[in-house]
Amino acid sequence: MDNFINKFIEVLEIEDHEVNPEDKYRDYEEWDSLAFLSLQALINDEYEITIPRSEFDNVQTIKELYSLIESKLK
Amino acid sequence: MIGSKISKTHYYLPGKTISNEELEQLFPEWDSAKIEDKVGIRKRHIAAKNESALDMGIKVSQRIITDEDKSSINFVIFCTQSPEYFLPSGACILQHQLGLRNDIGALDINLGCSGYVYGLSLADGLIKAGHASKVLLVTSETYSKHIHPQDKSNLTIFGDAATATIIEKSEKEMIHKFVLGTDGSGFNKLIVKKGAFNVNNEDKIYESSEFSDECLYMNGPDIFSFTMDTVPKLVTDCLDKNKFTIDDIDKFIFHQANKYILNYLRKKIKIPEEKFYINLYDTGNTVSSTLPIALKQCLDDGIIKKESKVMLVGFGVGLSWAATIVEI
C-alpha cells in the first residue's frame, strides 16, 4: 500500500500536500483526465492489469482503489 | 511476384484553427501549456460550416492526381465516418468529381483510427488479386461536426483533415503483410448514438453521455485500456508475421492519438525514441488521417528515405485495429 501511494504521488505530480489512504483522490486539485490516464498507466505497469472505468467509478478513496487492484490480482 | 507500393500521399487541413489559448478562453479551467506539454497539441484545424469531409476529400485528391492518374486509377476507396449522404457512397461522387474513368470500382469504408491501414490492406489485396492496378485511397474526417460545443475534452483532442494516397502495382512487394483485429464488444466506447437507424435505444447498452446523444461520445479511460491491452501485441504480431524485429524497422508511425498515450506505448513496447514518430502539434488527432499525414511529414522532412521500412499502426473506434510494414 505504501509503495502504491508513493507511486500515486509520483504520477499525479503531487508536491504540496499530504496523501492519505482515506482521501477521495478525485477531490485533489491535481485530478483531471490526464491524471486518470497516468493512474491507469501506473496500474498497468505495476500490476499488469487494466480496470474498466465503470469499476473505477465505484471507488472513492485511495484505499478502496488499492483494494480493487488487489481483488484483480487474486 | 506482384506486389503493391505507396507511390505518393498528400494531406489537406481546413483553414480555420482553434489554438489552446482559444480553448482556455472558452474553458477557463483548461491549462493551455499543460495541453501542449502532455497531450502534444498546439492547435487543431476545423472544417468550415459549408465544407464537408467529401469536399475535403475532393480537394486533397486534386492536389495529387495528375492527368495520367485520371486515366489510370482503377479503384477508389473512401474512408470516412462523416458521410455526405446515407446513400450513395462518397466514393462514387469522388469518381465523378475527380473526372476518373467509369470502368473502375469505388466504395466507402466506415472506419476511424484504424481506417488507413484497412484501406491499404484492401488496396493491396485488390492489386494482388488483379482487380486493380492503381488505387486512390482517400481518408477524410470532420469529427468537429459530431462534437458538442461544451465537450472540452474531445474539442481539445480531435482535428479535421483529409488525405489522399495512390497505391499501385509494383514488381517488388513494398507493402508487407497485415495484422487486423476487431472487438465489437467495445462498440459503445467511442460512438455517435443517434442520427442513423438504430431502433434498439435501450439505455443499458449505452454508457451515459454528459452531452447530447447526437454528439460524439468517448470513454477515454476505456479506450486507453484497450490500447494498452491491444497495441503492444499488435506490434509484436506484425513484426513476427513479417519476420522482422524492432531493429529492422526504421520508423514506427502509430495513430497519433495523443502524445501521452504514444509515449506510454513506445516505452511499453521498448521502441527506441529515435525510431518513433510523434507529431500532432498542429493537427490534433485527425482520426483516419493521422497516419498518412505523419507519413507525408516524414517523407518531406527526410525522416523516411528510400527503402526505409516503416511500421504503420492504427487503433480505435470499433473497436478496430490494424498494422502493416511498408517500404517507400
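Along each chain, residues carry numbers from 1 onward, in the same order as the chain's sequence is written. All chains are assigned letters beginning with A, and all ligands numbers beginning with 1, in the order in which they are written. With pLDDT at 70 or above as the cut-off, local features in this predicted model cover only qualifying residues; side-chain atom pairs require 80 or more to be listed or tallied, and sums for whole chains, interfaces and linings still use all residues. Neither water nor hydrogens contribute to the side-chain values; these are computed over all heavy atoms in the structure.

Considerations on the environment of glycine 184 of chain B
All names here are of chain B. By the criteria applied, helices consist of DSSP H or I runs no shorter than four residues and strands consist of E runs no shorter than two, each listed in order from the N terminus. Relative to the helices and strands, glycine 184 resides in the loop between β8 (179-182) and β9 (190-191). To sort residues, take the accessible area from a 1.4 Å probe on protein chains only and compare it with the maximum for the residue type: under 20% means buried, over 50% means exposed, and anything in between is partly exposed. For glycine 184, a relative accessible area of 43% corresponds to the partly exposed category. Sequence-wise, glycine 184 and serine 89 are 95 residues apart; in three dimensions their C-alpha atoms are separated by 23 Å. Any two residues whose heavy atoms approach within 4.5 Å are treated as being in contact. Dropping the residues within four chain positions of it, glycine 184 is found in contact with Gly318 and Leu319.

Details of a nonpolar patch on the surface
A grouping of Phe86, Leu87 and Phe197 of chain B is seen on the molecular surface, where their side chains present a nonpolar patch of about 450 Å² in accessible area. Of note, phenylalanine 197 of chain B is situated in the loop between β9 and β10 (217-218). Any residue with relative accessible area above 30% and no salt bridge may belong to a patch, with like charges joined within 9 Å and the nonpolar Val, Leu, Ile, Met, Phe, Trp and Tyr side chains within 5 Å. Surface accessibility in these figures is a Shrake-Rupley result with a 1.4 Å probe; residues are shielded only by whichever protein chains are displayed. Salt bridges are identified by distance alone: a Lys or Arg side-chain nitrogen within 4 Å of an Asp or Glu carboxyl oxygen.

Overview of the nonpolar core
Grouping buried Ala, Val, Leu, Ile, Met, Phe, Trp, Tyr and Cys residues that are joined through side-chain atoms within 4.5 Å yields what is termed a nonpolar core. With 52 residues, the main nonpolar core has Val235, Phe252, Phe254, Met311, Val313 and Phe315 of chain B as its most contacted residues. Put simply, the parts of the chain that give this core at least two residues each are α2 (33-47) of chain A together with α2 (32-39), α7 (152-157), α8 (220-241), β11 (251-254), α9 (259-269), β13 (309-316) and β14 (320-327) of chain B. It is α8 of chain B that contributes the most residues to this core, nine residues altogether. Leaving out residues up to four positions away in the same chain, methionine 311 of chain B has contacts with Val235, Cys238, Leu239, Ile249, Lys251, Phe252, Ile253, Thr324 and Ile325 of chain B. Membership of the second largest hydrophobic core comes to 31 residues, among which are Phe75, Ile127, Ile175 and Phe178 of chain B.

Section: the pairing of β8 of chain B
All names here are of chain B. Burial of the side chains of β8 is restricted to one face: Val179 and Gly181 are buried, whereas none of Leu180 and Thr182 on the reverse face is. A strand pair is defined by DSSP finding two or more bridges across the two strands. Relative to β14, β8 runs antiparallel, the two sharing four bridges. Each residue of the ladder has a partner; that of threonine 182, found in β14, is serine 320.

Overview of the side chain of threonine 156 of chain B
Residues and elements named next belong to chain B. Tracing the backbone shows threonine 156 in helix α7. Any N or O atom pair separated by 3.5 Å or less is treated as a polar contact, with the protein-specific requirement of one donor-capable and one acceptor-capable atom, and with residues adjacent in sequence counted only for side-chain atom pairs. At a separation of 2.7 Å, a polar atom in the side chain of threonine 156 contacts the side chain of tryptophan 30. If we ignore the near neighbours within four places in the chain, the residues touching threonine 156 are Leu23, Trp30, Ile35, Ile41 and Arg44.

Side note on the sheet that holds strand β12 (residues 276-277) of chain B
Residues and elements named next belong to chain B. Read across the sheet, five strands follow the order β8-β14-β13-β11-β12 without closing on themselves; strand pairing throughout is mixed. The two strands at the open ends of the sheet, each matched to only one other strand, are β8 and β12. Here β13 runs beside β14; their pairing, made up of eight bridges, is antiparallel. Across the sheet, the residue bridging to valine 313 is alanine 323, located in β14. Its contacts with the sheet put α9 on β11, β12 and β13, and the angle it makes with β11 is roughly 135°. Inter-axis angles, ranging from 0 to 180 degrees, are taken between N-to-C directions of lines fitted to C-alpha atoms, where helices are fitted over the stretch in contact.

Points about unusual backbone geometry
Residues and elements named next belong to chain B. Here the residue pair leucine 87 and proline 88 is connected by a cis peptide bond, since its omega of 5° sits within 30 degrees of zero. Along the chain, the position of proline 88 falls in the loop between β4 (75-79) and α5 (90-97). Omega for the bond connecting glycine 318 with leucine 319 falls within 30 degrees of zero, at -5°, which places this linkage in the cis form. Counting through the fold element by element, leucine 319 comes out in the loop between β13 and β14. Residues other than glycine seldom take positive phi values, yet glutamate 307 does so here, at roughly 75°. Locating glutamate 307 in the fold gives a position in the loop between α10 (290-300) and β13.

Remarks on the pattern of salt bridges
All names here are of chain B. Using the criterion set out here, one finds 21 salt bridges over all chains in the structure. Here lysine 134 and glutamate 68 are joined by a salt bridge, their closest N and O atoms 3.2 Å apart. Of this pair, lysine 134 sits in strand β6 (residues 134-141) while glutamate 68 is found in helix α4 (residues 67-72), placing the two residues 66 residues apart along the sequence. On the basis of relative accessible area, lysine 134 is assigned to the buried category, the value being 6%. Salt-bridge contacts for aspartate 300 lead to lysine 296; the nearest nitrogen and oxygen are separated by 3.2 Å. Taken together, the residues span about one helical turn, with aspartate 300 and lysine 296 both in helix α10 at a distance of four residues. Counted as one network, the salt bridges with shared partners bring together Lys8, Glu68, Asp69 and Lys134.

Description of the interface of chain B and chain A
Between chain B and chain A, the contact holds 17 residues from the first and 14 residues from the second. When chain B packs against chain A, the two sides together hide about 1400 Å² of surface, and 52% of this comes from carbon and sulfur. The buried area of a pairing is the accessible area, by a 1.4 Å probe, that goes missing from both parts when the two are put together, added over both. Broken down residue by residue, the surface that chain B buries against chain A is led by Pro221, Tyr260 and Tyr264 of chain B, which jointly contribute 32%. Counting across the chain B and chain A interface gives two salt bridges. Measuring nitrogen to oxygen at the nearest pair gives 2.6 Å for the salt bridge that ties lysine 34 of chain B to aspartate 32 of chain A. Counting the contacts that link chain B with chain A gives 12 residue pairs in polar contact (both at pLDDT 80 or more). Broken down by element, the residue count for the side of chain B that touches chain A peaks at six residues, all from α8 of chain B. Throughout, the ten residues Ala, Val, Leu, Ile, Met, Phe, Trp, Tyr, Cys and Pro are labelled nonpolar, Asp, Glu, Lys and Arg are labelled charged, and all others, Gly among them, are labelled polar. Taken together, the residues that form the side of chain B that touches chain A break down as eight nonpolar, three polar and six charged.

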